[in-house]
Structures are given as C-alpha cells and as structure tokens.
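Chain residues, written in single-letter form:
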Amino acid sequence: MADTDEITVVGGGVAGLAAAIVCAEGGAPVRLLEARGQLGGRARSDDGPYKTNFGPHALYANGTLHAFLAERGLLPPLVKPPLTRVYFHAEGRRRATPPPPFATAVVKLWRVKRAPVDRSFRDWASERVGARAAEQLCGSAGVFCFFHDPGALSAAFVWERWRQAFGDQPTKARFPRGGWNAIVGRMERHAREHGAQIETGARVTSAPRAPAIVATELKDARALLHDDALDHPGGLAVGLDLGLTSRRGDPFVVWDLDQAGWVERFSTRDRSLAPAGEELVQAQIGIRPGESTEQAEQRLETLLDHALGDDWRARTRFRRRTRFEDRSGALDLPGVSWRDRPAVERGDGIFLAGDHVAAPGLLSDASIASARAAAAGALAWRGERGSGAQAGLRAEISRL
Ligand SMILES: Cc1cc2nc3c(=O)[nH]c(=O)nc-3n(C[C@H](O)[C@H](O)[C@H](O)COP(=O)(O)OP(=O)(O)OC[C@H]3O[C@@H](n4cnc5c(N)ncnc54)[C@H](O)[C@@H]3O)c2cc1C
C-alpha cells in the first residue's frame, strides 16, 4: 500500500546526504535534519585561508563513494597524487626507498586477495613474511586505521583495506580540489533538485518517527534511539594540521612504518589549500593505551622532525591539533567482520547509516554502502508497511 509518509533522515554528513538522495530519487518525500549550521559532518573543510579537512582527505576511485558520485555526475574536479617525493620512515629514519623487509613483504603478498577474519593481521602476516617485515606492514596500515596497533586487528579487515588503498595500482587515491566541501555541495544540490527538504541547525532530540534513517555517529544514534547495543570499536589518534612556509624539496608523503603514523603535504598538487608561499600539511599518529594526547603529539612531532627536518616549527604559520576518537570509521578485531557491526535495520521502520554500521568498505565507503541499504529499506517500508523492507534491504546488502 503506497502512502505519503515522509522519510526523515537525521544527520547531514555524506551518509545522510547519500540516503536522502537515494530516497528522493526513489520518489519519496524526504526531510533531512542536520544539527549543525552546515552540512557535511566530518567531511567538511575549513573556509579559512587553510582549507583543512576535519575528516576525510582521500576519495578512493575504487570505492563506493566515488562510484555513487560518478553514477550521478557529481564528481568534483579531482587531483591525482604525485608519484614522486614519497618517503618512508623506518627504524628511526627517513628513507627515499622502502626498507627491504617491507618491500619483500609487499612483493610476497601482492597476489593474496583475502586474509582470514579470525586471525590478527600481525599473526597472519608474520607467518607469511616473518616478524620484522610483518611489523613494518602493520605500521603501514596506520594511515587508514587511525589506531596505534593495526597488527592487533582482524587480518581480513586490514588486508582488504590495504589492498584497496595501496594494492590497486596505479594508486586510486584522489583529492577533491579545494577540499571536501566540493563533494558536500554537489550532494546537497542534487538532493534538493530531487525534492529533498534540508534543514540545518535542526538537532533531533528524540527518536524520529518511522520511516527514518539515523545517519549520525554511532554514539549519537545510541543516545537518540536509547539503544546501548549501538557500539563498535573505533580508532584513536592525534592529528596536526600545519600551515608551513614553502620550501623546495619538501616531501609529499612520509609513510611511517615504525609507529603507524603518516605525514602528507596536501598542497603539493592543490595550491588552493594554503595561502601563497605556504603549504598545508596534515600528520597523524595513533594514541597508545595509557598515553595522553600530549604524549602522542610529542611522538608525532618527532616524526615530523624526521619527515620535514627539525626547523618545521620555525616555518609554522598555522597549527591545529585534533584528537580523533571513534571518528574515523569502525575497526574490526579478530573474529569480527563488518557483518557483526550494528545492523542497518533496527526494526519498526528505523534504519541506520554511517561508518560504524554493518556495511563493507574503506572509511567513508561504509557510510555510503549503509546509506544505500538504509534508503532501500526505508523506501520499501514506506511503500509496504514493513513487509517489503526485508526484501529491499536484503537485495541491497547482497548487491554490495
Ligand atoms: C582524521 C580523519 C581522516 C579521515 N580520512 C578519510 C579519508 O581519507 N577518506 C575517507 O573516505 N574517509 C576518511 N575519514 C572517514 C570519514 O570522515 C567518515 O567516514 C565520514 O565523513 C562519515 O560520514 P557520516 O555521514 O557517516 O558521519 P558524519 O560526517 O559524522 O555525519 C553525521 C552528522 O550527523 C549530525 N548529527 C549528529 N547528531 C544529530 C542530531 N541529534 N540531530 C541532527 N543531526 C545530528 C552531525 O552534526 C553530523 O553532521 C576520515 C575521518 C577522520 C576523522
């Protein structure tokens, strides 16, 4: 039985926007409610002279968000990363070439498509390439785990993401010119063109009426839906955004294999990200158990000394520190896969979307995959009062 029930989407990050787009394209009336004054959630970039991104930087051309945007002609101009000036940090020093244990490990594992869910990445990799090379491989996964010890995570989780980020060559990382606001702006326009009503500054304070899609961070969904089962481990890291005066020969990337850190100069190919004569650098490292944010920041500063030379402080014109706690997507421990995360369908016409929800994909790709599934479920529930939701949802999930 078709009716005119509006679908409520709570949250205006990329998950909420994607869900609103799919629902609106499906012909349903949609209202998206975003608590902040701006859309985008973590995918916002700063409007100031330094176009820092609060969350994502890389849009993976082999991922779900890229495909979602491409299908709708919504891709903004994208910058490809340079292939030069990529360095490694291993055994306490910066290197222009990969350290031999790491290089050998990558060659040995290059053709391995899958790793087991129930083993740790460290154990699985050590068995194949030896303990020393495995440690460097574990460190190399920090860039997408935002966690001090990627080796402790499920081998399947780490290896699937590693392959998407680095194993698919030439690299599929892309960077929206001018920052992620370009993506958010295009998604907003498309949603509005298809009739979605969008309200900002509209915090939802009680469980929404069905059919609804809650596309917030998991802790906000937990509070909103009064559901303590909405929990799943996430990363913990400290990040530094730095505006530095330009200097010839600065690296593009320093890939830290010792402590799972990462340093990247985003202005290398996109001069619009920093004022003339300056560079925009972001660096991050996982915070260890028992370590304060300040202590982790000190380790990150030491990595920056190695990456950029110890005069980077004197070149600093802008600095912002951020602690990222559960903000960079779900982490799956050994024995757990994305299927074990909080399910998209919550019952009674309520659906979840986000990067901690049961959906596959690297970083924000999980937000989009779950948003598609949630939208399919909400559309089916709306049309058939529950009986079609399961079929719509199952079809979408099996398509992923
Ligand atoms: C440091 C860092 C680096 C990252 N790097 C990458 C990367 O390179 N590539 C990549 O793909 N991903 C990356 N990610 C992950 C990416 O940022 C997230 O996966 C993605 O932005 C999540 O989008 P979302 O819509 O699910 O959630 P969010 O962006 O968190 O959106 C949720 C929205 O809900 C709103 N909200 C919350 N409560 C309410 C309420 N009660 N009422 C109304 N609205 C509410 C919030 O204000 C927010 O706008 C990174 C994340 C971090 C932190």
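This text gives an overview of the structure that appears in the document. Since we're looking at a predicted model, the values are computed, not measured.

## Here we look at the overall build of the chain
Move 1: Looking only at helices and strands, one finds twelve helices and 16 strands in the chain.
Move 2: The globule rule puts the C-alpha radius of gyration for 400 residues at 21 Å, and the 21 Å found for the chain is close to it.
Move 3: Summarising its shape, the C-alpha atoms of the chain cover approximately 65 × 50 × 40 Å along the three principal directions.
Move 4: Classification of the 400 residues of the chain by burial places 52% in the buried group.
Move 5: A fraction of 71% describes how many contacts in the chain between residues 6 or more apart in sequence connect residues 24 or more apart.

## Comments concerning the sheet that holds strand E7 (residues 173–176)
Move 1: An order of E3-E7-E4 is seen for the three strands of this open sheet, with the pairing classed as antiparallel. Where the open sheet ends on each side, the last strands, each with one partner, are strand E3 (59–60) and strand E4 (78–79).
Move 2: Both E3 and E7 contribute to a ladder of two bridges, which runs antiparallel. What sits directly across from Leu59, in E7, is Arg174.

## A few points about the packing of helix H3 (residues 100–109) against helix H5 (residues 131–139)
Move 1: Running from amino to carboxyl end, H3 crosses H5 at an angle of 85°, the nearest separation of the two axes being 8 Å. Taken as axis vectors, H3 and H5 run roughly perpendicular relative to one another. Facing H3, whose interface residues are Pro101, Phe102, Thr104 and Ala105, H5 presents Arg132, Ala133, Ala134, Gln136 and Leu137.
Move 2: Of the residues contributing to the contact of H3 with H5, the split by class is six nonpolar, two polar and one charged.

## Structural notes on the nonpolar core
Move 1: Residues Ala18, Ala19, Ala20, Cys23, Ile213 and Ala374 are the most contacted members of the largest nonpolar core, which totals 125 residues.
Move 2: Broken down by element, the residue count for this core peaks at twelve residues, all from helix H11 (residues 364–384).
Move 3: Excluding residues within four positions of it along the chain, Ile213 makes contact with Ile7, Val9, Ala19, Phe351, Ala353, Ala374, Ala375 and Ala378.

## Side note on the site of the ligand
Move 1: The local shell around the ligand holds 35 residues, among which Gly11, Gly13, Gly41, Gly55 and Leu363 are the closest.
Move 2: Elements that contribute at least two residues to the shell around the ligand include exactly helix H1 (14–25), helix H9 (218–225), strand E14 (316–330) and H11.
Move 3: Among the elements that take part in the shell around the ligand, E14 stands out by supplying four residues, more than any other.
Move 4: Grouping the constituent residues of the shell around the ligand by class yields 13 nonpolar, 14 polar and eight charged.

## Overview of the pairing of strand E5 (residues 86–90)
Move 1: Note: E5 against strand E11 (residues 253–256), four bridges, orientation parallel. Looking across to E11, one finds that Tyr87 is bridged to Val254.
Move 2: Inspection of the sheet shows E5 paired to strand E6 (residues 93–95) by three bridges, in the antiparallel sense. From the neighbouring strand, His89 faces E6, where its bridge partner is Arg94.
Move 3: Connecting E5 to the antiparallel partner E6 that follows it, the hairpin turn spans two residues, and Glu91 within it adopts a positive phi of roughly 50°.

## Concerning helix H2 (residues 64–71)
Move 1: Here H2 has its buried residues at Thr64, Leu65, Phe68 and Leu69. Buried positions in H2, seen along its axis, are confined to an arc of 130° and lie on one side of it. In H2, the exposed residues that point more than 90 degrees away from the buried face are Ala70 and Glu71.
Move 2: Once H2 finishes, Gly73 follows within two positions and takes phi at roughly 65°, a positive value.

## Comments concerning H5
Move 1: Within H5, seven of the nine residues are buried, which leaves it mostly tucked inside the rest of the structure.
Move 2: Those residues of H5 that sit buried are Ala133, Ala134, Glu135, Gln136, Leu137, Cys138 and Gly139.
Move 3: On its buried side, H5 packs onto E5, H3, helix H4 (121–129), helix H6 (142–145) and E11.

## Quick notes on the pairing of strand E12 (residues 262–265)
Along a regular strand, successive side chains alternate from one face of the sheet to the other.
Move 1: The two faces of E12 match: Trp262 and Glu264 on one face and Val263 and Arg265 on the other face are all buried.
Move 2: Pairing analysis gives three bridges linking E11 to E12, with the strands arranged antiparallel. From the neighbouring strand, Val254 faces E12, where its bridge partner is Val263.
Move 3: Between E11 and the antiparallel strand that follows it, E12, lie five residues; Ala260 among them carries a positive phi value of about 60°.

Cut-off values and rules
Residues numbered from 1 in each chain as written. Predicted model: local features only at pLDDT ≥ 70, side-chain atom pairs only at ≥ 80, totals over all residues. Helix = DSSP H or I, 4+ residues; strand = E, 2+ residues; numbered from the N terminus. Rg over C-alpha atoms; globule rule 2.2 N^0.38 Å. Buried ≥ 20, exposed ≤ 12 C-beta atoms within 10 Å, placed from the backbone. Contact = placed C-beta atoms within 7 Å. Pairing = 2+ DSSP bridges. Axes fitted to C-alpha atoms, helices over the stretch in contact; angles between N-to-C directions. Parallel < 35°, antiparallel > 145°, perpendicular 65-115°, else oblique. Nonpolar A, V, L, I, M, F, W, Y, C, P; charged D, E, K, R; others polar. Core = buried A, V, L, I, M, F, W, Y, C linked by C-beta atoms within 7 Å. Near = placed C-beta within 6 Å. Arc of directions from axis to C-beta.

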